[in-house]
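# Chains, contacts and geometry: an overview
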Amino acid sequence: MSTFVPPTETTTRPTLRGHFGMSASTHWIASATMQAVLERDGNAFDAAVAGAFVLHVVEPHLNGIGGDMTGLFATAEDPTPRVLVGQGPAPVGATIEHYVSEGLDQVPGSGALAAAVPGSFDAWMLLLRDHGTWELADVLSFAIDYAERGHQIIGRAAATIAQMADTFREHWPSSAAVWMPDGKAPAEGEVLRLPAYAKTLRRLLDAGDSASDRVGRIDAARDEWASGFVASAIEKFVRTPHRHSTGADHAGVITVSDMANWRAGYEDPVTVDLFGVTVCKTGAWGQGPVLLQALSILAEFEPHEIDPATADGAHRILEALKLALADRDTYYGDPGGEASAVPISTLLSQDYAASRCAMIGETASHEFRPGQIDGAERHLPPLELEDADQVEGAGAGEPTVSVSGRTRGDTCHLDVVDRWGNMIAATPSGGWLQSNPVIPELGFCLGTRLQMTWLDERSPSALRPGQRPRTTLSPTLLLKDGVPWCAMGTPGGDQQDQWQLSTMLRLLVGGYTPQQAIDAPSLHTTSMPGSFWPRTWTPGGAVVEDRIGEDVIADLERRGHVVTRAGDWALGRVSIVTRDAETGLMAAAANPRGAQGYAVGR
């Protein structure tokens, strides 16, 4: 019997049950799209790609085709988990010396200097080619339909366009032409069409007209993206200086050569075995190991001591996260090229977890406390306090959590499992409408992932040409007895693994159903350097949903946590799908916050 506080008897919606297929995402149209693919005998990978391209259209303030993605998946034929790497590297011209010569001490939060090589498109194409079954034209038909015929824009997207209106008019006229075709921001529910984006997708499809088979048609689209009209338009457009988040104008550095020399790929995940499951995450070129480290630290406690609904449990969760995030910002980075290898085996070892657990006391730490690892270079990032008078520039940073701690949008996420046992969790992001000006010929903009790098060559996550920025995108795959059981994830920048942690503890230790775990009050720490411009921190900062309770909040404050109340339903955008390998029975749940995410299945 669980020692967690029991969940509420009612949930905002049911945990879906079935045996045919389950789809969940951060927007109902994408979820419906994915389920439509499953109903037409597509598999989970066909469905995921179709849903992802729809997300580019219906959540343009949260992701785009010019951004990036990471995924974790396993196939019915081979349960071995794999990472789908859709995070592009820094361009050849993205050197620290060049950025410093531009008068910068940080990578900007918006503008082409913040753009890595776009990774999303090629990653989705790779997945479809190798593990899907559908023709590319059929997969893209949903996104093309919504781009050409339009969709009713959601309130948050409309509000983001309104926030960016002055920037669009004064500095990014190509964006104004796309998002404000009548000269003003659209109202919620207004039909928004993206004809230039639809044309780009059709031109990519046309590249495969002479190919003789499905694989050839997909590869032709990949080649056209990487070295054809898309790459040429990107290079030409970024050469013209344009406004960045710093308030200055700069030209970008991406070239056709940068695009042509990169392809998406697969990697093995890093894993830990805890709480009856194997937890699979990206390597330390992402922040995925943060979840593994935090889980390992919390596994040192008794189950009743890590209940997020109690003051003791919430305190320990926040402190474990601070320790894991301090290691992230001290040791994580792309291990290739000039960067030293990340000491991941030590960071995930039981002995190290026990030593970190021993550092958790009865009061909140306001210090930055990375571990000391023999033989590993220990470089501390700059620690800059938030400035109350600091203006959050339009389009700057990541659109997840404002300086006040309140959410203002997210990235995107999707999960799919099919009746054969194929399963994927994927987190598309970047290329949102406020990140860069629209490239007119293409109808989309570039991302800003390089803002996660430092202009300090000593840092393991320094800006280095050819290396991946240390992304926050962090989907999760859980195995039981070596077989995929659960796919999950959330938007949220630095909060992605934090929000998943509380949900996962409730699911694995507390015995909650997926929807109960998602509905329960969430929390996170801001006591670490932010991954997004302007990269400040709040020592001892803790952001909580008010529903966690007055007694818990008062206790956290008594322990020294600097608490920000986010509202009753504000934190977390988690979705989950599960499949029991023995029975084939499935479940799914999605986040109710923002009335946008939905699960569909039967």
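Everything here concerns the structure above.
My aim in this report is to walk through the structure given alongside it, one point at a time. Given the structure is predicted, the values throughout are model-derived calculations rather than measurements.

## A closer look at the nonpolar core
Counting residues in hydrophobic clusters, the biggest one holds 84 residues, and the most contacted among them are F53, W124 and W179. With 12 residues, helix α2 (residues 44-58) is the single largest residue contributor to this core. The residues touching W124, leaving out its near neighbours within four places in the chain, are A48, V49, A52, F53, M69, L414, I424, A426 and P428.

## Description of empty space enclosed by the protein
All told, the structure shown has 7 cavities of 30 Å³ or more when counted by the stated rule. Considering only enclosed or pocket space, the second largest cavity measures out at about 110 Å³ in volume. If you trace the second largest cavity, you find 14 residues lining it, with H56, G64, W179, G443 and F444 closest to the centre. In terms of residue class, the lining of the second largest cavity is made up of 9 nonpolar, 5 polar and no charged.

## Quick notes on the pattern of salt bridges
A side chain with one charge may pair with a side chain of the opposite charge, provided their charged atoms come close. The tally for this structure, following the rule as stated, stands at 33 salt bridges. One salt bridge in this structure joins E39 and R602, with 2.9 Å as the shortest N-O distance. Of this pair, E39 sits in helix α1 (residues 28-39) while R602 sits in the segment after β23 (598-601), and the two are 563 residues apart along the sequence. Take R602: its relative accessible area is 43%, and that puts it in the partly exposed class. Note that D268 is salt-bridged to R82, the shortest N-O span being 2.5 Å. Taken together, the positions of D268 in the loop between β9 (265-267) and β10 (270-274) and R82 in strand β4 (residues 82-86) put the pair 186 residues apart, joining distant regions of the chain.

## Section: the side chain of S474
Tracing the sequence through the fold places S474 in the loop between β14 (423-429) and β15 (476-480). For S474, the contacting residues outside a window of four places in its chain are T70, K281, Q287, G288, T427, Q496, D497 and Q500.

## Examining helix α9 (residues 214-227)
Structural remark: α-helix, 3.6 residues per turn; residues separated by three or four positions point the same way. In this model α9 runs 20 Å from its N-terminal to its C-terminal C-alpha over 14 residues, within 8% of the 20 Å that 1.5 Å per residue would give. Within the sequence span of α9, burial applies to R214, I218, A220, A221, R222, W225 and A226. Elements in contact with the buried residues of α9: α4 (120-131), α5 (136-149), α8 (195-206), α10 (229-238) and α11 (256-260).

## As for the environment of L442
The residue L442 is located in the loop between β14 and β15 in this model. L442 gets classed as buried once you look at its relative accessible area, which sits at 0%. Here the alpha-carbon distance between L442 and G109, two residues 333 residues apart in the chain, equals 22 Å. In this structure, L442 is in contact with A196, Y197, T200, F229, V230, A233 and I234, ignoring residues within four places of it in sequence.

## Notes on the layout of surface pockets
Put simply, the second largest pocket is a space of about 240 Å³. Residue lining of the second largest pocket: 17 residues in total, with P7, T8, A520, P521 and R547 positioned closest to the centre. Among the residues forming the lining of the second largest pocket, the class breakdown is 9 nonpolar, 5 polar and 3 charged.

## With respect to the pairing of β15
Taken across its 5 residues, β15 has 4 buried, putting it largely inside the fold. By the bridge criterion, 3 bridges tie strand β11 (residues 277-281) to β15 in an arrangement that is antiparallel. By the bridge assignment for β15, C280 is matched with L477. Bridge analysis of β15 against strand β16 (residues 483-489) gives 5 bridges, and the strand direction is antiparallel. For L478, the partnering residue across the bridge sits in β16 and is C486. Remark: 2 residues form the turn of the hairpin made by β15 and β16, two consecutive strands paired antiparallel; D481 in that turn has positive phi of roughly 55°.

## Things to note about the packing of aromatic side chains
This model, assessed by the stated rule, comprises 7 aromatic pairs. On the basis of an interplanar angle of 15° and a centroid distance of 5.6 Å, the ring pair of W225 and F444 is categorised as stacked. Taken together, the positions of W225 in helix α9 and F444 in the loop between β14 and β15 put the pair 219 residues apart, joining distant regions of the chain. Here W225 falls in the buried class, since its relative accessible area comes to 3%. One cation-aromatic arrangement involves R13 over Y598; the distance from NZ or CZ to the ring centre is 4.3 Å.

## Overview of the packing of helix α13 (residues 311-331) against helix α16 (residues 496-508)
α16 packs onto α13 with a crossing angle of 135° between their chain directions and a minimal axis gap of 11 Å. One way to sum up the angle between α13 and α16 is to call them oblique. Like other packed secondary-structure pairs, α13 and α16 cross with a definite hand, here right-handed. For the pair α13 and α16, the contacting residues are I317, L321 and L325 in the first and Q498, L501, S502 and L505 in the second.

## A look at the sheet that holds strand β13 (residues 414-418)
Taken together, the 7 strands give an open sheet; going across it, the order is β9-β4-β3-β14-β13-β2-β23, and neighbouring strands pair in antiparallel fashion. Since the sheet does not close on itself, it has two edges, and those belong to β9 and β23, each with one partner. Pairwise comparison of adjacent strand axes, ignoring direction, gives a mean angle of 15° for this sheet. The pairing of strand β2 (residues 21-25) with β13 spans 5 bridges and is antiparallel. Pairing of A24 across the sheet is with D415, part of β13. Its contacts with the sheet place α2 against β3 (68-74), β13 and β14, and it is angled at close to 155° to β13.

Conventions and cut-offs
Residues numbered from 1 in each chain as written. Predicted model: local features only at pLDDT ≥ 70, side-chain atom pairs only at ≥ 80, totals over all residues. Heavy atoms only, no water. Core = buried A, V, L, I, M, F, W, Y, C linked by side-chain atoms within 4.5 Å. Buried < 20%, exposed > 50% of the residue type's maximum accessible area, 1.4 Å probe, protein only. Helix = DSSP H or I, 4+ residues; strand = E, 2+ residues; numbered from the N terminus. Contact = heavy atoms within 4.5 Å. 1 Å grid on protein atoms, 1.4 Å probe; cavity = no way out; pocket = protein on both sides within 12 Å on 5 of 7 lines; lining within 4 Å. Points joined across faces, edges and corners; volume = space filled by probe spheres on them. Nonpolar A, V, L, I, M, F, W, Y, C, P; charged D, E, K, R; others polar. Salt bridge = Lys/Arg side-chain N within 4 Å of Asp/Glu carboxyl O. Expected span 1.5 Å × (residues − 1). Pairing = 2+ DSSP bridges. Phe/Tyr/Trp six-rings, centres within 6.5 Å; stacked < 30°, edge-to-face > 60°. Lys NZ or Arg CZ within 6 Å of the ring centre and 35° of its normal. Axes fitted to C-alpha atoms, helices over the stretch in contact; angles between N-to-C directions. Parallel < 35°, antiparallel > 145°, perpendicular 65-115°, else oblique. Left-handed = near helix turned anticlockwise from the far one by under 90°.

Shape descriptors only; they carry no functional weight alone.
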